Each structure stands twice: as C-alpha cells, then as structure tokens.
Amino acid sequence: MTQKELMLAEKLYCVDNELKKDAAHSRKLIRIFNDTTFEQSEYRTQILKELFGSTGENIYIEPPFRCDYGSNTYIGENFYANFDCIILDVAEVHIGRNVLFAPRVCIFTAGHPIYADIRNTGAEYGKKVTIGDNVWIGGNSVINPGVTIGNNVVIGSGSVVTRDIPDNIVAAGNPCRVIRSITDKDKQFWQLQYEEYKRNIQ
C-alpha cells in the first residue's frame, strides 16, 4: 500500500512526496481563499468546491480557514462555518446537511503514537470523524479523532468531544458529556418564538 492508501485506511503511515504534493495543493487553494474579500462570495464557493471531496450547493465558510488536504472532507447541503475553522482531515471527515459551526471549531482526525520511540519515527495515523444532519457546534469546540456526532445535536461552546454523541442531544463540557435530550417541549417553545418573529416582521 502507498502511504496515502495507508493514511486513508486509518493505519500508521509516514508523509511522503505524494502527500506533500497533495498538501501543497491544499495550501495554495486555502491561501487564495483566505485572501478573498466578502464581495467575492461566488469565487469563494468555487474554491471550496475544488478543495473539498464533495459539497452541497450551499456552502459558506468565513475566512480564515485551515485544513490539511480538503479532499478527504465531504460536506452536505447548507453548511456554515464561522471564523477560524480548522479541519485536519488526514482521515475522512463527513459533515451532514444543515450544519452550523460557531467560531474556532476544530475537527482533528490526526493522531500520533503514544509510545515516543514510534512517534519519533514520524509515523502517524488518522481516525474518521462523522457529523450528522442538523447539528450546531458552539465556539471553541474541538472534535477529536474517531468521533461520531449524531443528528439533531447541539454541542455547547468550549466542548472537547472525545466520544460519540447520540441523536437529539444537547452536550457540552471537557470532556463533552450529554446534558439532556432535545424534546417536544423544545420544539413547542421554538415554534412559538418563530411564530412571534413572523408576526413582528409583518
């Protein structure tokens, strides 16, 4: 297997010339993206669609943004990431539909051996991160390697997510823990708030 194949198979690998070339292509696109202005929104979207493995039609990321490869990240429809998002995608990152990132959300798939002698050889590995549909992740949150976040989840600001989070949950903390379920009571409350909003703008 090539180093790239080992990396994507979530096995130990070392960075070689092929991966350096892929990373250089990503860095070039990210530099161009981060140098754009607000008035160049269509051009920004074009760059992001070239950078990522796949995206929905509607995707918006506030510069500055950073990632390792981009090509290993797959993003659904209606994605928004606020300032200072970082995605280290040595393994695949899958983000569902209608996902919102507050500022400084970080996704880390990259890992290094615990045993120093092996770590010092330069060998590393990655573990896939999956985020479901209708997820809102609060500012300064970190999603660690191998984590799956379910559908309809809210992650509180400052969370460090080290384990899977099930569907329909509010979770927060370091390490991130389930706080409570999202229930019909939440649905009713926010429907009333939205109905009031609509009345206010008539």
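In this text, all values refer to a predicted model and were calculated from it rather than measured experimentally.

About the thresholds
- Residues numbered from 1 in each chain as written.
- Predicted model: local features only at pLDDT ≥ 70, side-chain atom pairs only at ≥ 80, totals over all residues.
- Heavy atoms only, no water.
- Helix = DSSP H or I, 4+ residues; strand = E, 2+ residues; numbered from the N terminus.
- 1 Å grid on protein atoms, 1.4 Å probe; cavity = no way out; pocket = protein on both sides within 12 Å on 5 of 7 lines; lining within 4 Å.
- Points joined across faces, edges and corners; volume = space filled by probe spheres on them.
- Nonpolar A, V, L, I, M, F, W, Y, C, P; charged D, E, K, R; others polar.

Student: Teacher, can you tell me more about unusual backbone geometry here?
Tutor: The phi torsion of most residues other than glycine is negative, and most of the peptide bonds are trans. In this structure, the amide linkage connecting Pro63 to the following residue, Pro64, adopts the cis form with an omega of 0 degrees. Along the chain, Pro64 falls in the loop between strand S1 (59-61) and strand S2 (65-67). Pro175 follows Asn174 through a cis peptide bond whose omega is 0 degrees. Residue placement: Pro175 occurs in the loop between strand S17 (169-172) and strand S18 (177-181). The phi dihedral of Glu10 is positive, around 65 degrees, even though this residue is not glycine.

Student: How should I be thinking about the layout of surface pockets in this particular structure?
Tutor: Gaps left between atoms show up when a probe the size of a water molecule is rolled over them. Put simply, the largest pocket is a space of about 390 Å³. In terms of lining residues, the largest pocket is bounded by 14 residues, among which Asn134, Trp136, Val154, Ile182 and Trp190 are the most central. Here the element with the most residues in the lining of the largest pocket is helix H5 (residues 184-200); it accounts for three residues. Of the residues contributing to the lining of the largest pocket, the split by class is eight nonpolar, three polar and three charged.

The values reported here are purely geometric and, on their own, carry no functional implication.
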